[in-house]
Amino acid sequence: MPRWEPDARARFVVAALQLFTDQGYDDTTVAEIAERAGLTKSTFFRHFSDKREVLAAGQETLSRLLADGITAAPASATPLEAVGAGLAHAAATMTQFNRELAPRLAAVIASSSELQQRDALKRVGMAAAMTDALRARGVPDPVASAAAELGLLAFKEAFAAWVADESPTESPTELADLMHGSLDRLRAAVSQLR
């Protein structure tokens, strides 16, 4: 088997989700995931530290994309406009692959308290990345944290709507539009808290 395998990470994710769905998270081994992916166990460990990490394969990338979008927002952007730029930047990378795997991933996570905890940490990491990017723009901490949390809520709501849509499209613009709509609704809701 060649030393480098194309799309190895994606193959591991798909294989793990299939096995976790078929036989459960706790009853699935790394060796079985590697075998199902058609790769070796050592290749698995070059990509992931353990089987739990395979389900968070895109977390670091997603957090970085959100932060990069915030950083690239115009200097005149408000904190929520910068968060909107981060959401749009991340949405531009989402593909049909993300859309198709999301329901299976959610079902596997729901079946394990360990995975639910890991998923909660993933969301904390996303919010922290956005908060840090906003702070780097000079946004004061309480405002940066609040804007990041609203961004996280907008992402979660829009992604769920995008995945649930019965008429899939390849257009990442659709997800960006959903995210902006969700962020606008949250902004309006916050304005009513006074």
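Fair warning: this is a prediction, and the values are worked out from it, not measured in the lab.

The final tally for this structure, using the stated rule, is 10 salt bridges. As a salt-bridge pair, Asp-50 and Arg-52 come within 3.4 Å of each other at their nearest N and O atoms. Using a relative accessible area of 28% as the deciding quantity, one classes Arg-52 as partly exposed. Ionic pairing is found between Glu-53 and Arg-118, a salt bridge with its closest N-O pair at 3.3 Å. Residue Glu-53 is located in helix H4 (residues 51-54), and its partner Arg-118 is located in helix H8 (residues 113-136); the two are separated by 65 residues in the primary sequence.

What follows concerns the environment of Gln-23. With respect to the secondary-structure elements, Gln-23 resides in helix H1 (residues 8-23). As a C-alpha pair, Gln-23 and Leu-152 span 129 residues in sequence and 32 Å in three-dimensional space. In this structure, Gln-23 is in contact with Thr-28 and Glu-32, ignoring residues within four places of it in sequence. For Gln-23, the side chain forms a polar contact with the side chain of Thr-28, separated by 3.2 Å. At 2.9 Å, the side chain of Gln-23 and the side chain of Glu-32 are in polar contact.

The next point concerns the packing of H1 against helix H2 (residues 30-37). Where H1 contacts H2, the two axes come as close as 8 Å, and the packing angle between them is 120°. Put simply, H1 runs oblique to H2. For the crossing formed where H1 meets H2, the hand is right-handed. Contacts between H1 and H2 involve Arg-11, Phe-12, Ala-15, Ala-16, Gln-18, Leu-19, Phe-20, Asp-22 and Gln-23 from the first element and Glu-32, Ile-33, Ala-34, Arg-36 and Ala-37 from the second. Its residues assigned to classes, the contact of H1 with H2 comprises eight nonpolar, two polar and four charged.

Further remarks concern the confidence of the model for the protein chain. Averaged over all residues, the pLDDT of the protein chain equals 89, while 93% of them reach at least 70. Within the protein chain, helix H7 (residues 96-110) has the poorest average pLDDT of any element, 85, and helix H6 (residues 79-91) the best, 96.

We now examine H7. Residues spaced three or four apart along an α-helix point in a common direction, a consequence of the helix completing one turn every 3.6 residues. A rise of 1.5 Å per residue sets the reference length of H7, with its 15 residues, at 21 Å; its end C-alpha atoms lie 22 Å apart and thus fit the reference within 8%. The largest bend in H7 amounts to roughly 35° and is located at Ala-102, with the proline Pro-103 lying one to four residues further along. Within H7, burial applies to Gln-96, Arg-99, Leu-101, Ala-102, Val-108 and Ile-109.

Turning our eyes to something else, we now look at the nonpolar core. The biggest cluster of nonpolar side chains holds 37 residues, and the ones touching the most others in it are Val-83, Leu-87, Leu-134, Phe-155 and Leu-175. Within the residue set of this core, elements represented by two or more residues are helix H5 (59-72), H6, H8, helix H9 (141-164) and helix H10 (172-191). Sort the elements by how many residues they give to this core and H9 lands first, with 10 residues. Residue contacts for Phe-155: discarding those within four places in its chain leaves Leu-62, Leu-87, Met-94, Met-126 and Met-179. Of all hydrophobic cores here, the second largest spans 22 residues; its members include Ala-15, Ala-16, Tyr-25 and Val-30.

Conventions used here
Residues numbered from 1 in each chain as written. Predicted model: local features only at pLDDT ≥ 70, side-chain atom pairs only at ≥ 80, totals over all residues. Heavy atoms only, no water. Salt bridge = Lys/Arg side-chain N within 4 Å of Asp/Glu carboxyl O. Buried < 20%, exposed > 50% of the residue type's maximum accessible area, 1.4 Å probe, protein only. Helix = DSSP H or I, 4+ residues; strand = E, 2+ residues; numbered from the N terminus. Contact = heavy atoms within 4.5 Å. Polar contact = N/O pair within 3.5 Å; in protein donor to acceptor, adjacent residues only side chain to side chain. Axes fitted to C-alpha atoms, helices over the stretch in contact; angles between N-to-C directions. Parallel < 35°, antiparallel > 145°, perpendicular 65-115°, else oblique. Left-handed = near helix turned anticlockwise from the far one by under 90°. Nonpolar A, V, L, I, M, F, W, Y, C, P; charged D, E, K, R; others polar. pLDDT = per-residue confidence, 0-100. Expected span 1.5 Å × (residues − 1). Bend = angle between axes of the 7 residues up to and from the residue. Core = buried A, V, L, I, M, F, W, Y, C linked by side-chain atoms within 4.5 Å.

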